[in-house]
Amino acid sequence: MAAPAWKSLKGMRRVQAEFKHLSADIESRKFDFIQELSLAGDNLLTWQLNLHNFDNDLPGGKQLNQDLQCLHTMYDQDHIVMQIEFPKDYPHQPFFVRLVSPRCVMYTGHVTAGGSICLEALTCSGTPGSWQPDFTVESLLNVIVINMIDCPVTVVQTATGPGGRSGPLRIDFNCGNPTTGYSSGEARAAFHRTLENHRRMGWGPAA
């Protein structure tokens, strides 16, 4: 199948075309886990997605859905708020993905301590699985979500952080009100710390 014509576009025109294409796919229910897609502050370079209804057939998806039910009962929020921020030279550089709310347990679901998503495909690390201009938001959304809910429990070692255990994404109900969320600044700082750690330690098979 030939690639769609909009994949040859660059910059704002490419971002606009991808937004239109993804909106149509959501309308046709291709992505059941996306509750809503919008622009953050009417800024085309920042998309906001509300995520819910994760795959109940996966233990991690079922547990996250249960966490969201608890979040709704306690704080009247039934979804995860995610933002995607595009560079002006997209797709030469990858987009940046972060959770806005709620706060999640550190190191789970490939979410950094600051809420950013750090996967090899979202970096320009030059490794075999790193960013390629042919990638799209749609092609990586399923990868991002499956890495949130279906990832092994491993021991995490960091150069500066406390370390801990990774695993499927869990909402942090021990941090006070988890809906206070993450700032953009802490998300980017945590992303760069995690990227430096991967440069030293390498990327795991699911990273």
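Predicted model only: the values in this text are computed from it and were never measured.

A. Representation of the overall build of the protein chain. When helices and strands are tallied, the protein chain shows four helices and six strands. Intrachain contacts of the protein chain at a sequence separation of at least 6 include 63% that bridge at least 24 residues. A total of about 10,500 Å² of accessible surface is found on the protein chain, and carbon and sulfur atoms cover 52% of it.

B. Examining the side chain of Asn 147 more closely. Relative to the elements of secondary structure, Asn 147 occurs in helix H3 (residues 137-149). What makes Asn 147 buried here is its relative accessible area of 9%. A distance of 2.8 Å separates a polar atom in the side chain of Asn 147 from the backbone oxygen of Val 143.

C. Representation of the sheet that holds strand E4 (residues 96-101) within the structure. Taken together, four strands build an open sheet; the order of strands is E1-E2-E3-E4 and the sheet is antiparallel. What marks the edges here is a single partner per strand, and that holds for strand E1 (34-40) and E4. Averaged over all pairs of adjacent strands, the angle between strand axes in this sheet comes to 25°, irrespective of strand direction. In this structure, strand E2 (residues 43-51) lies alongside strand E3 (residues 80-85), joined through six bridges in antiparallel fashion. Paired with Leu 51 across the bridge in E3 is Ile 80. Its contacts with the sheet put helix H1 (residues 11-27) on E1 and E2, and the angle it makes with E2 is roughly 25°.

D. Geometry of the packing of aromatic side chains. Across all of its chains, the model carries 10 aromatic pairs by this definition. Both rings, one in Phe 86 and one in Tyr 90, keep their centres 4.9 Å apart while their planes meet at 75°; by these two values the pair is edge-to-face. Of the two residues, Phe 86 and Tyr 90, neither departs from the other in class, the shared state being buried. With 6.1 Å between their ring centres and 55° between their planes, Tyr 90 and Phe 95 make a pair best called tilted. Residue Phe 95 is classed as buried on the basis of its relative accessible area, which comes to 2%. Aromatic rings pair up to connect Phe 19, Trp 47, Phe 86, Tyr 90, Phe 95, Trp 131 and Phe 135 into one cluster. The ring of Phe 96 has Arg 188 sitting right over it, with the charged end atom 4.0 Å from the ring centre.

E. Focus on the nonpolar core. Among the nonpolar cores identified, the biggest contains 43 residues, and Trp 47, Phe 54, Phe 86, Phe 95, Leu 99, Ile 117 and Val 137 are the most heavily contacted of them. Contributions of two or more residues to this core are made by H1, E1, E2, helix H2 (59-75), E3, E4 and H3. No other element matches H3, which puts seven residues into this core. Not counting chain neighbours up to four residues away, the residues in contact with Phe 54 comprise Phe 33, Gly 61, Leu 64, Asn 65, Leu 68, Ile 80, Val 145 and Ile 149. By size, the runner-up hydrophobic cluster in this structure holds five residues, among which are Phe 96, Cys 118, Ala 187 and Leu 195.

So, how was this worked out
Residues numbered from 1 in each chain as written. Predicted model: local features only at pLDDT ≥ 70, side-chain atom pairs only at ≥ 80, totals over all residues. Heavy atoms only, no water. Helix = DSSP H or I, 4+ residues; strand = E, 2+ residues; numbered from the N terminus. Contact = heavy atoms within 4.5 Å. Areas by Shrake-Rupley, 256 points an atom, 1.4 Å probe, with all protein chains shown as cover. Buried < 20%, exposed > 50% of the residue type's maximum accessible area, 1.4 Å probe, protein only. Polar contact = N/O pair within 3.5 Å; in protein donor to acceptor, adjacent residues only side chain to side chain. Pairing = 2+ DSSP bridges. Axes fitted to C-alpha atoms, helices over the stretch in contact; angles between N-to-C directions. Phe/Tyr/Trp six-rings, centres within 6.5 Å; stacked < 30°, edge-to-face > 60°. Lys NZ or Arg CZ within 6 Å of the ring centre and 35° of its normal. Core = buried A, V, L, I, M, F, W, Y, C linked by side-chain atoms within 4.5 Å.

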